[in-house]
Amino acid sequence: MREGLVASLALVPSVFVYGTVFGGLAVQAGLRPLEVLGMSVFVFAGASQFVAIPMLAAGAPALAIVVTTYVINMRHYLMAATLAPSFRTFPRGWLALVAHVINDESFAVAVARRNPPDPWVFIGSALAVSGAFLAGVSVGTPLGGLVADPARWGLDFAFPAVFLALVALQLRRRADWLVALTAAVVAVAVALVLPGTWHVIVAGVVVSTVGMLALSPEDA
Amino acid sequence: MRDDVWLVIAGMAAATYLTRAPLLLALARRPLPPRLRLWLRLIPLAVLPALAVPMILVTRDGGAARLAASLGHPPLWGAIVVFVLAARRVNLLVTVAIGVAVVAFLRALG
């Protein structure tokens, strides 16, 4: 668990700052502080929360916001499938809890450290990420946001930087390079034409499935 | 503000949980055939670049997506630095801190 916490330290400042930005934006858009915190605890999926705030403020139908949230978060299906075998020995009640904290950053940390991923590395990372996010939201909500423009300080770049660094650590075989490069090209192409996070879902499903069919299982 | 905020939050929470829990619960218990194990190993190799590379190369201003692959695009240089450092097994925290610093510096210049 310690390993997952330590490995996630690179993300803590950025996750915290984006938590403050979310808290600030949500309050400015008219949400009450308790609603902002409630959404962060019960939804706990940053990208979809950022999208929901302007929709809420603009008076979009509740169903439209819920469906948008679902589509943005569909990428979790891929992460849950990948993580599942690592949690074989955990009781079902634990699994139900662990499911709630599945997030991009902890998934990346866990799969890059061990193959198959270690459940405690994932849990340690999820504690660091959720702690930093909720602390950021709690600080940003009363203050209306601390850092007006995180991009000015390069903080937006911490997220792709971590994902990219963790890909680099996993490239061991020629097939790994092929899968990663193809996924990058497909994702960029899809991101240019489709909104939201469809590019992650499309590239993730298509490239991993083609790889599964094309490679031999001994590569696993 | 509208009066259905908690209803929306509950709906968002349920929709999100529906993307997280079912496969975690369903696949945790049974032994998996080799081909499925291969698929699960390839998912992160496809998902991580699919998350990272569009964040670096695609800019979205108000809905219109654009390929930002010019030499004057700070995240491109940050990404090159991060990839090289990570491939040389430099500590993740150090790698990311340097990448963030490179991007902040180039943006301050530009």
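Nothing here was measured: the structure is a model prediction, and the numbers come from that model.

A few words now on helix α4 (residues 92-109) of chain B. Think of an α-helix as 3.6 residues a turn; residues three or four steps apart then line up on the same face. For α4 of chain B, built from 18 residues, the straight-helix expectation of 26 Å at 1.5 Å per residue is met to within 8% by its first-to-last C-alpha distance of 26 Å. Residues of α4 of chain B that are buried include every one of Leu92, Thr95, Val96, Gly99, Val100, Val102 and Val103 of chain B, and no others. The arc enclosing the buried residues of α4 of chain B, seen along the axis, measures out at 155°, which places them on a common side. Exposed residues lying more than 90 degrees from the buried face of α4 of chain B are Val94, Ala108 and Leu109 of chain B. Residues of α4 of chain B that are buried sit in contact with α1 (2-7) and α10 (158-170) of chain A together with α3 (74-87) of chain B.

Closest axis-to-axis distance for the helix α6 (residues 76-83) of chain A/helix α2 (residues 34-57) of chain B pair is 9 Å, and the angle between their directions is 140°. In terms of orientation, α6 of chain A and α2 of chain B fall into the oblique class. Where α6 of chain A crosses over α2 of chain B, the two elements pack in a sense that is left-handed. Contacts between α6 of chain A and α2 of chain B involve Leu78, Ala81 and Thr82 of chain A from the first element and Leu40, Ile43, Pro44 and Val47 of chain B from the second. Considering only residue class, the contact of α6 of chain A with α2 of chain B consists of six nonpolar, one polar and no charged.

This paragraph deals with the pairing of strand β1 (residues 58-61) of chain B. Residues and elements named next belong to chain B. Here four bridges tie β1 to strand β2 (residues 64-67), and the two strands are oriented antiparallel to one another. Paired with Asp61 across the two strands is Ala64, which belongs to β2. The hairpin formed by β1 and β2 contains two residues between the paired strands, and Gly62 there has a positive phi angle of roughly 55°.

Moving on to the domain arrangement of chain A. You'll often see interface size given as the accessible area lost when the parts meet. Residues and elements named next belong to chain A. Each assigned domain of chain A is listed here: domain 1 (2-170) and domain 2 (172-220). Taking the mean C-alpha position of each, domain 1 and domain 2 sit 23 Å from one another. Facing the eight residues of domain 1 at the interface are eight residues of domain 2. The set of elements that each furnish at least two residues to the side of domain 1 that touches domain 2 consists of α5 (62-73) and α10. Partitioned by chemical class, the residues of the side of domain 1 that touches domain 2 number six nonpolar, one polar and one charged.

This part is about the environment of Gln28 of chain A. All names here are of chain A. Inspection of the secondary structure assignment puts Gln28 in helix α2 (residues 12-28). Classification of Gln28 by C-beta neighbours within 10 Å gives exposed; the count is 12. Put simply, Gln28 and Asn103 are 75 residues apart on the chain and 26 Å apart in space, counted from C-alpha to C-alpha.

This next bit is on the environment of Leu25 of chain A. Residue and element names in this part refer to chain A. Secondary-structure assignment places Leu25 in helix α2. The partly exposed category is assigned to Leu25, around which 19 C-beta atoms lie within 10 Å. Each C-alpha atom of the pair Leu25 and Phe42 lies 18 Å from the other, and the pair is 17 residues apart in sequence.

How each quantity is defined
- Residues numbered from 1 in each chain as written.
- Chains lettered and ligands numbered in written order.
- Predicted model: local features only at pLDDT ≥ 70, side-chain atom pairs only at ≥ 80, totals over all residues.
- Helix = DSSP H or I, 4+ residues; strand = E, 2+ residues; numbered from the N terminus.
- Expected span 1.5 Å × (residues − 1).
- Buried ≥ 20, exposed ≤ 12 C-beta atoms within 10 Å, placed from the backbone.
- Arc of directions from axis to C-beta.
- Contact = placed C-beta atoms within 7 Å.
- Axes fitted to C-alpha atoms, helices over the stretch in contact; angles between N-to-C directions.
- Parallel < 35°, antiparallel > 145°, perpendicular 65-115°, else oblique.
- Left-handed = near helix turned anticlockwise from the far one by under 90°.
- Nonpolar A, V, L, I, M, F, W, Y, C, P; charged D, E, K, R; others polar.
- Pairing = 2+ DSSP bridges.
- Domains from an automatic or database assignment.

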